[in-house]
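# Structural features, examined
Okay, here's what each chain looks like letter by letter:
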Amino acid sequence: MAETRRKLTTIFSADVQDYSRLMRADEEGTLATLKRYRDAMTRLIEAHGGRVINTWGDGLIADFPSVVEALRAAIDVQSELAGYNAKSADSAPMLFRIGINLGDVITEDDDIYGDGVNVAARLQASAPAGGIVISNTVYDQVRNKVAVGFEFLGQLEVKNIDGGVPSYAVRIGAADDAAAGSDPGGEWGRPVERPVQPALVPVETTARPMSLTGKLLGALAVIGAGLVALNLLSWRGVFWATWPLLGLAVVAALEWVRANNRIDRVIGTLAIVGLTLVAINVLSWRGVFWAVWPLLAIAVAAGIRWVMRGRDGAKF
């Protein structure tokens, strides 16, 4: 009898958008293209340490020991297949949808089963043509490790999963495609022009759902207004609410920086620290602007971060 056991793994699920329509238009040509694209996908999956578990029809299931490598494989797959489509003479390109989930699965022989697989398949079905959708378990592991953007899609309804699964669309910037410059290990081996697929347009995204950030900022504003009202209603000649208001402003600014990918988090945090020091210096003014020295140190640290950030970004 086959041995059955459980393991935590990253599940990669892919299929072709509008496969039935492509088959109706040209069965032989579609099958030949599918084989060529699937061979490329298998090669890239294995290059990132993954393993193709099963293929059926136009679908493919693979698993990875590394969540980061699974996402990198998906990005490479969509980038390379976009290059193939750009050079194809076919009027209807073959576009894959990819879903990735990190979950506990049942393994038997070389196959895997369970809710973890079902979630990956559901994510894949919700992805746009040429796109990638990941679960929150994947997002938590890759959000600061892969140079792409993420867009929160909300709760994805999945059978047998109460409350659904929070999901994120992966957004690949056009600049990344341009930096690649050529077909990465493709069959043709020569430079290609990479079109920007509709699902791969560059966008600025948040590191967490903006609705949560908005609620927190709103709550802080209400607390601040309450403090001011309390200070005025119990007025004794001192506006003591200044300091708690400053604290609330710092918390709000830090949350805004953390939730906004348009700003480098380290540089944004350093800027907030600097502004806080200036505010403290001004509010407790004794004729000396002592904040100038810590501001100088913060400026040096921010400059170093900016330079290192630029170098790190060039490596990807």
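Up top is the structure these notes are about.
Remember, predicted model here, so these are calculated numbers, not experimental data.

### Digging into the pattern of salt bridges
When charged atoms on two side chains of opposite charge get close, those side chains can pair. The full count for this structure, using the stated rule, is 9 salt bridges. Measuring nitrogen to oxygen at the nearest pair gives 3.0 Å for the salt bridge that ties lysine 7 to aspartate 63. Taken as a pair, lysine 7 in strand 1 (residues 4–16) and aspartate 63 in strand 3 (residues 59–64) lie far apart in primary sequence, 56 residues in all. Note that arginine 21 and aspartate 18 form a salt bridge whose closest N and O atoms lie 3.5 Å from each other.

### What to know about the packing of helix 8 (residues 242–258) against helix 9 (residues 265–283)
Think of two packed helices as two axes; the pair is described by the angle between the axes and how far apart they sit. Viewed as axis vectors pointing N to C, helix 8 and helix 9 meet at an angle of 170 degrees, and their least axial separation amounts to 9 Å. Considering the angle they form, helix 8 stands roughly antiparallel to helix 9. The element helix 8 and its partner helix 9 pack so that their crossing is right-handed. Here Thr242, Trp243, Leu246, Val250, Ala253, Leu254, Val257 and Arg258 of helix 8 come into contact with helix 9, specifically with Arg265, Gly268, Thr269, Ile272, Thr276, Ala279, Ile280 and Leu283. Considering only residue class, the contact of helix 8 with helix 9 consists of 10 nonpolar, 4 polar and 2 charged.

### Some points on helix 9
Look at helix 9: 27 Å from first C-alpha to last across 19 residues, which is about the 27 Å you get at 1.5 Å a residue. Where helix 9 is concerned, the buried positions are Gly268, Leu270, Ile272, Gly274, Thr276 and Asn281.

### With respect to a nonpolar patch on the surface
Together, Trp285, Phe289, Val292, Trp293, Leu296, Val300, Ile304, Trp306, Val307 and Met308 make up an exposed nonpolar region whose accessible area comes to about 1100 Å². The topology assignment puts valine 307 in helix 10 (residues 292–315).

Reading the values: rules and limits
- Residues numbered from 1 in each chain as written.
- Predicted model: local features only at pLDDT ≥ 70, side-chain atom pairs only at ≥ 80, totals over all residues.
- Heavy atoms only, no water.
- Salt bridge = Lys/Arg side-chain N within 4 Å of Asp/Glu carboxyl O.
- Helix = DSSP H or I, 4+ residues; strand = E, 2+ residues; numbered from the N terminus.
- Axes fitted to C-alpha atoms, helices over the stretch in contact; angles between N-to-C directions.
- Parallel < 35°, antiparallel > 145°, perpendicular 65-115°, else oblique.
- Left-handed = near helix turned anticlockwise from the far one by under 90°.
- Contact = heavy atoms within 4.5 Å.
- Nonpolar A, V, L, I, M, F, W, Y, C, P; charged D, E, K, R; others polar.
- Expected span 1.5 Å × (residues − 1).
- Buried < 20%, exposed > 50% of the residue type's maximum accessible area, 1.4 Å probe, protein only.
- Patch = residues over 30% accessible without salt bridge, like charges linked within 9 Å, V, L, I, M, F, W, Y side chains within 5 Å.
- Areas by Shrake-Rupley, 256 points an atom, 1.4 Å probe, with all protein chains shown as cover.

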